[in-house]
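Next come the chains, spelled out residue by residue.
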Amino acid sequence: MSKAIIQHETGGPEVFKWEDVTISDPGAGEVRLRQTAVGLNFIDTHLRDGSYPLASLPATIGFEGAGVVEAVGDGVSEVSVGDRVGYCFALGAYTQERNIPAGSLIPLPDGVGDKEAAAGLLKGMTAQYLLRQAYRVKAGDTVLIHAAAGGVGTLVCQWAKHLGATVIGTVSSEEKAKSAAAHGCDHPINYETEDFAERVQDITGGKGVQAVYESIGVKTFLQSLSVLAPHGTLALFGHASGPVPDEYFAKIPMDRYYIRTTLGAYTATREDRLTLAKDFFDVVAQGAVKIEIGQTFPLKDVGRAHAALEARKTTGQTVLIP
Ligand SMILES: NC(=O)c1ccc[n+]([C@@H]2O[C@H](COP(=O)([O-])OP(=O)(O)OC[C@H]3O[C@@H](n4cnc5c(N)ncnc54)[C@H](OP(=O)(O)O)[C@@H]3O)[C@@H](O)[C@H]2O)c1
């Protein structure tokens, strides 16, 4: 018998229940994974509260984890029993054990611990597609990343700096400003106390930025558009403050690029997933990007982790221990 987080309804963090579950033998093409660490992502809050629909209830949510392969089903060639692996974007992570398609697994290099993999894979692969594909950062660019001290934010700041960009980041407190600065953010701006668009124009001498990586949504979208340099790109990849209303998209100025992105669009095949993960592990191995575990919670207390994430009390990555 093992334990998993089950939600029987959508709602606040209190909907999570720690219950006994029976895991069947893995089917064809699947493996059974004993999880040693699970990642927490902002998207989990959207599934928990119902703002993103769940296919059915009861449900076990969570997209990211790491562990050891315990058993393999028929036809599995990608991994073997005993392998240390991670994954992202495979729903059902909030559990001690699970069956999972073998093709979604990513072998972990020796230098990356299970906790780091579970905390960083989804966010690191997101940083990869944002910085290398949605808008490909060049040395000499200036870019703006919101929530610069958050999970995705700390990775994007470090990687963008490594690519030779000047990095401007928004944060909600002085403590988070220090954390962002320690992770490659050249110009942290407290967007609770300062007009970030004015500050960006001051910092860039009125030229604006080549890219905005926008994950706050309704609260910042229009100001983010206003700081784009001619031919600059706004990549919308989240909406922590609420979705962007349709009428805002009509305000995108001429000569600016806009892309709405999701990791799923860049990880459709196993080859894509392995390529993104390799790029991420390479910058980690070089020491250019560090996966900073800002806080750890027992998986059974994941409700507390959600409350902290939604209250903007977390920094860096968050890991859940099953
Ligand atoms: N599309 C994709 O492929 C993809 C993949 C991964 C993540 N995402 C998105 O990227 C963003 C970051 O994800 P993450 O998991 O790394 O989370 P995170 O950045 O660790 O946490 C979210 C941060 O957003 C900021 N925020 C601003 N307004 C907020 C509000 N009203 N409520 C809560 N937080 C608010 C807070 O930072 P401050 O306190 O500094 O403001 C908070 O710490 C999320 O929007 C997520 O949905 C998208």
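Please read all numbers here as calculations on a predicted model, not as lab measurements. Numbers given for residues are sequential positions, taken from 1 along each chain in its written order. For this predicted model, a pLDDT threshold of at least 70 governs which residues receive local features, and a threshold of 80 or more governs which side-chain atom pairs are given and counted, while totals over whole chains, interfaces and linings are taken from all residues.

## Topic: the sheet that holds strand E8 (residues 142-145)
The strand order across the open sheet built from six strands is E10-E9-E8-E11-E12-E13, with neighbouring strands paired in parallel fashion. Only two strands of the sheet have a single neighbouring strand rather than two, namely strand E10 (187-190) and strand E13 (257-260). Ignoring which end each strand starts from, the neighbouring axes of this sheet average 15 degrees apart. As paired elements, E8 and strand E11 (residues 209-214) share three bridges and run parallel to each other. Across the sheet, residue Ile145 finds its bridge partner in E11, namely Tyr213. In the packing of helix H3 (residues 151-162) onto the sheet, the strands contacted are E8, strand E9 (166-171) and E11, and the crossing angle to E9 comes to about 165 degrees. Two strands are said to pair when DSSP picks up at least two bridges between them. In this description a helix means any DSSP run of H or I spanning at least four residues, a strand means any run of E spanning at least two, and both kinds are numbered starting from the N terminus. Here an angle of 0 to 180 degrees is reported between the N-to-C directions of two axes, which are lines fitted to C-alpha atoms, with helices fitted over the stretch in contact. Here the contact rule is simple: place C-beta atoms from the backbone, and any two residues whose C-beta atoms are within 7 Å are in contact.

## Some thoughts on the domain arrangement of the protein chain
When the domains of the protein chain are assigned, the result is domain 1 (2-120 + 267-321) and domain 2 (126-264). The interface is formed by 17 residues belonging to domain 1 together with 17 residues belonging to domain 2. Broken down by secondary-structure element, the contributors of at least two residues to the side of domain 1 that touches domain 2 are helix H9 (270-285) and strand E15 (317-321). No other element matches H9, which puts four residues into the side of domain 1 that touches domain 2. A class-by-class count of the residues in the side of domain 1 that touches domain 2 yields seven nonpolar, six polar and four charged. Throughout, the edges of the domains are those of an automatic or database domain assignment. Three residue categories are used. Nonpolar comprises Ala, Val, Leu, Ile, Met, Phe, Trp, Tyr, Cys and Pro, charged comprises Asp, Glu, Lys and Arg, and polar comprises the others, including Gly.

## Section: the pairing of strand E5 (residues 84-87)
Of the pairings in the sheet, the one linking strand E4 (residues 65-72) to E5 comprises four bridges and is antiparallel in character. Note that in E5 the partner of Val68 across the bridge is Arg84. Of the strand pairs in this sheet, E5 and strand E7 (residues 106-107) are connected by two bridges, and their pairing is antiparallel. Within the sheet, the bridge partner assigned to Val85 lies in E7 and is Pro107.

## Side note on the site of the ligand
Taken together, 28 residues lie near the ligand, and Gly150, Gly151, Ser172, Gly238 and Arg312 sit nearest. If you list the elements that add at least two residues to the shell around the ligand, you get helix H1 (42-49), helix H2 (114-134), H3 and helix H10 (302-310). Counting the residues that make up the shell around the ligand, at least three belong to each of domain 1 (2-120 + 267-321) and domain 2 (126-264). To decide nearness, the C-beta atom of each residue is placed from the backbone, and the residue is near a molecule or strand if that atom lies within 6 Å of it.

## Structural notes on the nonpolar core
Met125, Val143, Val156, Ala160 and Val209 are the most contacted members of the largest nonpolar core, which has 90 residues in total. Element by element, the count of residues in this core is highest for H2, at 11 residues. Two domains share this core, each providing at least three of its residues, namely domain 1 (2-120 + 267-321) and domain 2 (126-264). Excluding residues that lie within four positions of it along the chain, Ala160 makes contacts with Leu131, Val137, Val143, Ala165, Val167 and Gly184. What makes a nonpolar core is a set of buried Ala, Val, Leu, Ile, Met, Phe, Trp, Tyr and Cys residues, with links drawn between C-beta atoms within 7 Å. Neighbour density around each residue's C-beta defines its exposure: 20 or more other C-beta atoms within 10 Å make it buried, 12 or fewer make it exposed, and counts between make it partly exposed, where C-beta atoms are placed from the backbone.

## Section: the packing of H2 against H9
Closest axis-to-axis distance for the H2/H9 pair is 9 Å, and the angle between their directions is 95 degrees. Judged by the inter-axis angle, H2 sits roughly perpendicular to H9. Residues Leu121, Gly124, Met125, Gln128, Tyr129 and Arg132 of H2 form the contact with H9, whose own contacting residues are Leu276, Ala277, Asp279 and Phe280. Across the contact of H2 with H9, the residue classes break down as six nonpolar, two polar and two charged. Should an angle fall under 35 degrees it is called roughly parallel, over 145 degrees roughly antiparallel, and 65 to 115 degrees roughly perpendicular, with every other angle called oblique.

## With respect to unusual backbone geometry
In this model, Leu57 is joined to Pro58 through a cis peptide bond whose omega is -5 degrees. Its identity as a non-glycine residue notwithstanding, Ala147 has a phi of 50 degrees, on the positive side. Here Ala147 shows up in the loop between E8 and H3. Classification of Ala147 by C-beta neighbours within 10 Å gives buried; the count is 27.

## A closer look at H2
Every helix has an expected span of 1.5 Å times one less than the residues it contains. With 21 residues, H2 extends 28 Å between its outermost C-alpha atoms, agreeing within 8% with the 30 Å of an ideal straight helix rising 1.5 Å per residue. The angle between axes fitted to the seven-residue stretch ending at a residue and the seven-residue stretch beginning at it gives the bend at that residue. The sharpest bend along H2 measures roughly 50 degrees and falls at Gly120. When you tally the buried positions in H2, you get 19 out of 21 residues, the bulk of the element.

## Some remarks on the environment of Lys138
With respect to the secondary-structure elements, Lys138 resides in the loop between H2 and E8. For the pair Lys138 and Leu163, spaced 25 residues apart in the sequence, the C-alpha separation amounts to 6.5 Å.

## Quick look at the packing of H2 against H3
Close contact between H2 and H3 brings their axes to 9 Å; oriented N to C, the two are set at 45 degrees. Compared by their axis directions, H2 and H3 come out oblique. For the crossing formed where H2 meets H3, the hand is right-handed. Residues Gly120, Lys123, Gly124, Thr126, Ala127, Leu130 and Leu131 of H2 lie in contact with H3, whose contacting residues are Gly151, Val152, Leu155, Val156, Trp159 and Ala160. Considering only residue class, the contact of H2 with H3 consists of eight nonpolar, four polar and one charged. Definitions for this section: a left-handed crossing has its near helix turned counterclockwise from the far helix by less than a right angle. A right-handed crossing has that turn clockwise.

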